[in-house]
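Structural features, examined
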Amino acid sequence: MLFVTALPENLNERSKLLEIEEEQKRLIDAIGSFEATGGEPKIVIEFLDTASLAEISEALRKHQHDIVHISGHGSYQKQVKQGVLHLEDEDGNHREVLGGELGETLRQHQCVKLLILSACETAMAGNGVVEQLAEFGLPSIVAMRFSVTDDGAKVFTTALYAALSKGETLTHALAAARESLWQYLLEQRRLDPHRPHLAEWFTPVVYLNQYTEALVNPKEKYVLPEDFTPAAIFSKPKIPA
């Protein structure tokens, strides 16, 4: 899996609340138990330092990732009826990227089976980011209709990758993740009934090619590339007995 966190250097301070370290920690907390720490690897993660299209393309060329997970900002520009992702250029500065530009980049790498856009309004209808991407024939895309809270994103990510690592189909994995968000909502309402809580379970949606089945074949042996770097920072050390 290629994990891309977009935090442009020149984005305004309010937007910088989305910190790279916090996003990576969230992913580690969510799927650390499924990472390749000996035995048969389930999920192998590469963190990308710069969220530019060129860097994404180079990482896919080198390591043939099955999943691309982009965490950052998205928006739907009502005045021009167009969705954009807020990624970076090669210098780390803010760059608005259309779904079509990302689609053209990913189209060159047939290894990509799943694109996850953990960014606001990427699944908005009316020439949104996902609608632009759909023209490029990606097997499957998970995106967000609206915004999602940090806690909600962690609940969703944990459940989604837990199901995928067991070889579930994407539709079943998404259903499980949305159910987890629903149960999380019920628990929050029980703990604090006097405060409003967002019903985030309907925010994530999936766009799935009708010919795509399970994204993971549990019977197929995976061989970790020898030049795969960097090693995941949450690999469990071998402690002598």
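Scroll up to find the structure this text is about.
These remarks concern the structure in this document. (Residues numbered from 1 in each chain as written. Predicted model: local features only at pLDDT ≥ 70, side-chain atom pairs only at ≥ 80, totals over all residues. Heavy atoms only, no water.)

The next thing to look at is the nonpolar core. In this structure, Ile-70, Leu-102, Leu-115 and Leu-117 are the most contacted members of the largest nonpolar core, which totals 29 residues. When residues in this core are grouped by element, the largest group, 4 residues, is from helix H2 (residues 53–63). Sequence-distant contacts of Leu-115, that is, excluding residues within four places in its chain, are made with Val-68, Ile-70, Leu-102, Leu-106, Leu-133, Leu-138, Ser-140, Ile-141 and Val-142. Counting residues in hydrophobic clusters, the runner-up holds 22 residues, among them Ile-43, Leu-160, Tyr-161 and Leu-181. (Core = buried A, V, L, I, M, F, W, Y, C linked by side-chain atoms within 4.5 Å. Buried < 20%, exposed > 50% of the residue type's maximum accessible area, 1.4 Å probe, protein only. Helix = DSSP H or I, 4+ residues; strand = E, 2+ residues; numbered from the N terminus. Contact = heavy atoms within 4.5 Å.)

For helix H5 (residues 150–165), built from 16 residues, the straight-helix expectation of 22 Å at 1.5 Å per residue is met to within 8% by its first-to-last C-alpha distance of 22 Å. For H5, the complete set of buried residues consists of Gly-152, Ala-153, Phe-156, Thr-157, Ala-159, Leu-160, Tyr-161, Ala-162, Ala-163, Leu-164 and Ser-165. After H5 finishes, the residue Gly-167 shows a positive phi value of roughly 85 degrees. (Expected span 1.5 Å × (residues − 1).)

Sheet strands associate in pairs through backbone hydrogen bonding, adopting either a parallel or an antiparallel arrangement. In space, the 6 strands of this open sheet follow the order S2-S1-S3-S7-S8-S9, with mixed pairing throughout. Sheet topology places strand S2 (46–48) and strand S9 (204–208) at the edges, where each strand pairs with a single neighbour. Between one strand axis and the next, the sheet turns through 15 degrees on average, direction left out of account. Bridge count between strand S8 (residues 140–144) and S9: 5 bridges; the pairing is antiparallel. The partner of Ile-141 across the bridge, within S9, is Tyr-207. (Pairing = 2+ DSSP bridges. Axes fitted to C-alpha atoms, helices over the stretch in contact; angles between N-to-C directions.)

Next up on the list: the sheet that holds strand S5 (residues 82–88). Taken together, the 3 strands give an open sheet; going across it, the order is S4-S5-S6, and neighbouring strands pair in antiparallel fashion. Each end of this open sheet is capped by a strand with a single partner; those strands are strand S4 (73–77) and strand S6 (94–98). Pairs of neighbouring strands in the sheet enclose a mean axial angle of 35 degrees, with direction left out of account. With 5 bridges joining them, S4 and S5 adopt antiparallel strand pairing. Within S5, the position partnered with Ser-75 by the bridge is Val-84. Sheet strands touched by helix H3 (residues 99–107): S5 and S6. Its angle to S6, the strand with the most contacts, is close to 80 degrees.

This paragraph deals with the packing of aromatic side chains. Given two aromatic rings, their pairing is described by the distance between the two centres and the angle made by the two planes. Using the criterion set out here, one finds 4 aromatic pairs in the structure. When the centroid spacing of 6.2 Å and the interplanar angle of 85 degrees are considered together, the rings of Phe-146 and Phe-202 count as edge-to-face. With Phe-146 in the loop between S8 and H5 and Phe-202 in the loop between helix H6 (170–191) and S9, this pair connects stretches of sequence that are 56 residues apart. Its relative accessible area of 39% is what places Phe-146 among the partly exposed residues. For Phe-202, a relative accessible area of 32% gives the class partly exposed. Taking 5.5 Å as the distance between ring centres and 90 degrees as the angle between the ring planes, the aromatic pair formed by Trp-201 and Phe-202 counts as edge-to-face. Taken together through their ring pairs, the aromatic side chains of Phe-146, Trp-182, Trp-201 and Phe-202 make up a single cluster. (Phe/Tyr/Trp six-rings, centres within 6.5 Å; stacked < 30°, edge-to-face > 60°.)

Inspection of the secondary structure puts Ser-140 in strand S8. Ser-140 gets classed as buried once you look at its relative accessible area, which sits at 1%. A distance of 2.5 Å separates a polar atom in the side chain of Ser-140 from the backbone oxygen of Lys-113. (Polar contact = N/O pair within 3.5 Å; in protein donor to acceptor, adjacent residues only side chain to side chain.)

Listing the buried residues of H3 in full gives Gly-99, Leu-102, Gly-103, Thr-105 and Leu-106. Seen along its axis, H3 keeps its buried residues to an arc of 160 degrees; they face one direction. (Arc of directions from axis to C-beta.)

On the surface, a cluster of negative charge is contributed by Asp-49, Glu-55, Glu-90 and Asp-91. The residue Asp-49 is located in the loop between S2 and H2 in this model. (Patch = residues over 30% accessible without salt bridge, like charges linked within 9 Å, V, L, I, M, F, W, Y side chains within 5 Å. Areas by Shrake-Rupley, 256 points an atom, 1.4 Å probe, with all protein chains shown as cover. Salt bridge = Lys/Arg side-chain N within 4 Å of Asp/Glu carboxyl O. Lys, Arg positive; Asp, Glu negative; His and termini not counted. Charge placed at Lys NZ, Arg CZ, Asp CG, Glu CD.)

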